[in-house]
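Okay, here's what each chain looks like letter by letter:
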Amino acid sequence: MAASVTVVPKTVQEVAAAVVEEPPSRYVQPELDRHADEMPEPIPLIDLSRLTDADEADKLHTALHTWGFFLATNHGIEDSLMDAMMNMSREFFRQPDEEKHKCSNLVDGKPFSVEGYVNDKLETQDQILDWNAQLRLRVEPEDERNFAIWPSYPESFRDVLQEYASRTKTIRDLVLRSMAKLLELDDDYFVDQISKKASGIARFNYYPPCSRPDLVLGFKSHSDGGLLTILFVDQDVGGLQVQKDGKWYSVPAKPYTLVINIADCLEIMNNGIFKSPIHRVVSNAEKERLSLAMFYVVDGEMMLEPAPGLVDEKRPSRYRKIKTKDFIDGVFEHFREGKRFIETLKI
Ligand SMILES: O=C(O)CCC(=O)C(=O)O
Ligand SMILES: [Fe+2]
């Protein structure tokens, strides 16, 4: 086992700015095969304004069953709000380092919080880092928004994010209700699991171009730890790939559509009927890429377990019960090593 160390690396933006030819070895993925196939059939594009129609609900069912991902249109967020959100993010990341560090998650040089302009903890010497800088901000519960750490530049960042977050929360509930219906649960089953203490994190990802995209990953292979993720990807810059039956497929970037995926807590709650997809992001040499992922989780004190209505003799519970907080801690620990904690809970 590698010796444990706590080293705070430079953020990837600082590293990327200094790199001329080769990325430092800490970022180099051994034997990376970044190839992905075209999807045999495109990921279904779901019209969220028509989810009560049987044909649209069927499409959602197919998407969740096949990919765990779907593309969403007519989601209720105006193009202008999406543009504003992405532009704010771009402006934030383009600031000089000392400005961004005002939102740092460090105290005395050590990471203290999941929130902020993030420096990930380096737990071991051989941990490989992603070619990706992040700003993470808690948006739920609303009364726990820590504005002290939210960027004050660009000036309207705060208002735009609050508006954006109120829209994605509505989308979250709409999708959770549709999923419950597809699983023949009470429509509100999943929504009712979300108490006032449930959290929502906005994660702004910034992927600098990399001179050697064949050596690094923007985001290493993982599944999301929460309940549901609502992702908004920069126009025209691809890179997201999803795994199915051990093969990688490219997820197309489509302007003004959202990419929504099931995450691990929901896989447990639906007893593995819909899986939380494994995905990653490959880097590119020319263009910077941005994305904004809204992660929704249940309250940390809640016990995670399959919905009783989805457990019977034919389909016994497939996951061990666990407190959500312990689950999320396990997700972070395993992610650093490129592993998935959910695998350890399978019965
Ligand atoms: O940037 C992307 O397309 C995906 C980001 C992602 O997977 C994540 O933030 O968990
Ligand atoms: Fe993800």
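Going by the structure above, here's the rest.
Below: a short report on this structure. (Residues numbered from 1 in each chain as written. Chains lettered and ligands numbered in written order. Predicted model: local features only at pLDDT ≥ 70, side-chain atom pairs only at ≥ 80, totals over all residues.)

Considerations on the overall build of the protein chain
Filter applied, for reference: Numbering goes from the N terminus for both helices and strands, where a helix is a DSSP run of H or I of at least four residues and a strand is a run of E of at least two. Radius of gyration: C-alpha atoms only; globule rule: 2.2 Å multiplied by the number of residues to the exponent 0.38. Here a residue counts as buried when 20 or more other C-beta atoms sit within 10 Å of its C-beta, as exposed when there are 12 or fewer, and as partly exposed otherwise, the C-beta atoms being derived from the backbone. The contact criterion used is a C-beta to C-beta distance within 7 Å, with each C-beta placed from the backbone.
For the protein chain, the count of helices and strands is 8 helices and 18 strands. Rg of the C-alpha trace for the protein chain: 19 Å, near the compact-globule value of 20 Å for 347 residues, within the 12% margin. By its C-alpha atoms, the protein chain is 55 × 50 × 40 Å across when sized along the principal axes. By the burial criterion, 39% of the 347 residues in the protein chain qualify as buried. Put simply, of all contacts in the protein chain between residues at least 6 apart along the chain, 77% involve residues at least 24 apart.

Things to note about the site of ligand 1
Counted only if it meets this: We count a residue as near a molecule or strand when its backbone-placed C-beta atom lies within 6 Å of that partner. Note that Gly is not counted as nonpolar here; it falls among the polar residues with everything else outside the nonpolar set of Ala, Val, Leu, Ile, Met, Phe, Trp, Tyr, Cys and Pro and the charged set of Asp, Glu, Lys and Arg.
The full set of residues close to ligand 1 is Arg203, Asn205, Phe219, Asp224, Leu231, Val233, Leu240, His279, Val281, Ser291 and Ala293. Residues of the shell around ligand 1, tallied by class, amount to 6 nonpolar, 3 polar and 2 charged.

Focus on the pairing of strand 16 (residues 289–296)
As a reminder of what qualifies: Two strands are said to pair when DSSP picks up at least two bridges between them.
Of all 8 residues in strand 16, 8 are buried, a share of seventy percent or more. On strand 16, burial covers both faces: Arg289, Ser291, Ala293 and Phe295 on one face and Leu290, Leu292, Met294 and Tyr296 on the other are all buried. Across 6 bridges, the pairing between strand 11 (residues 228–233) and strand 16 is antiparallel. Opposite Ile230, over in strand 16, you have Met294 as the bridge partner.

Quick word on the sheet that holds strand 10 (residues 217–222)
Condition: Only C-alpha atoms enter the line fits that serve as axes; for helices the fit covers just the stretch in contact. Angles between N-to-C directions range over 0 to 180 degrees.
Strand order across the open sheet formed by 4 strands is 10-15-12-13, with antiparallel pairing between neighbours. Two strands lie at the open edges of the sheet, namely strand 10 and strand 13 (247–250), each paired on one side alone. Direction aside, neighbouring strands of the sheet carry axes that sit 30° apart on average. As judged from the 4 bridges shared by strand 12 (residues 240–244) and strand 13, these two strands associate in the antiparallel manner. Looking across to strand 13, one finds that Gln243 is bridged to Trp248.

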